[in-house]
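# Coordinate analysis (summary)
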Amino acid sequence: MKFFISALMIFALSSCSTLSLKERVLIGSGIGAATGAIGGSALSPNSESQGLNALIFGLSGAIVGGAASLIFTDNKDHVSGSLRERLEQKDQSKNNQYLVQPTGKLPQFVRDRISPAVVEEAIEKDQISEDGTLHEPHKVYRIMRQAELYANPKKGEP
């Protein structure tokens, strides 16, 4: 009876914390190993095989506990969104947009038919990835509108 109460307390306490995926797998493996070892030792048919049963059931409990923590863990809180999603969530007033005109010696008929590209500059916040590496704040550029070449010349635009 004490075993079930202690196991229930371990599960209850570990469910209240926010842990990374690696820590959750380690805790699941540890709980499975402890449960398997105690169960194998307690349910051993004789005292000679008690140690071997604890070892075998402890190892199998660790595998089952680690697999269960991988299966039942919600990974959505650990995966960052795409660059587009992160940039759309940021305050748009901090972003700068630049009009990129074509450079070089272009013929007049090409200059009349090409639209300039629009590039947005944003500063991405610092973040720590799942493997523990730090990504410091840095500038990120995204193309808002690509340059296009039209078949007919544009009227009224510079």
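See the structure above.
Predicted model only: the values in this text are computed from it and were never measured. (Residues numbered from 1 in each chain as written. Predicted model: local features only at pLDDT ≥ 70, side-chain atom pairs only at ≥ 80, totals over all residues. Heavy atoms only, no water.)

### Here's the deal with the overall build of the chain
If you tally the helices and strands in the chain, you get 5 helices and 7 strands. Moving toward the C terminus, one meets the helices and strands of the chain in the order α-α-α-α-β-α-β-β-β-β-β-β. Looking at the 158 residues of the chain, the share that counts as buried comes to 22%. Approximately 12,100 Å² of the chain is accessible, and the part contributed by carbon and sulfur atoms is 62%. (Helix = DSSP H or I, 4+ residues; strand = E, 2+ residues; numbered from the N terminus. Buried < 20%, exposed > 50% of the residue type's maximum accessible area, 1.4 Å probe, protein only. Areas by Shrake-Rupley, 256 points an atom, 1.4 Å probe, with all protein chains shown as cover.)

### Quick word on the sheet that holds strand β6 (residues 138–145)
One open sheet accounts for 3 strands, arranged β1-β3-β6; its pairing is antiparallel. The open sheet is flanked by β1 (96–100) and β6, the only strands paired with a single partner. Each strand axis lies, on average, 30° off the axis of its neighbour in the sheet, ignoring direction. Where β1 and strand β3 (residues 117–124) come together, 5 bridges link them in antiparallel fashion. (Pairing = 2+ DSSP bridges. Axes fitted to C-alpha atoms, helices over the stretch in contact; angles between N-to-C directions.)

### Points about the pattern of salt bridges
Tallied over the entire structure, the rule returns 2 salt bridges. Here glutamate 120 and arginine 142 are joined by a salt bridge, their closest N and O atoms 2.8 Å apart. In this pair, glutamate 120 is assigned in strand β3 and arginine 142 in strand β6, connecting sequence segments 22 residues apart. One salt bridge connects glutamate 121 with lysine 139, and the closest N-O pair in it is separated by 3.6 Å. (Salt bridge = Lys/Arg side-chain N within 4 Å of Asp/Glu carboxyl O.)

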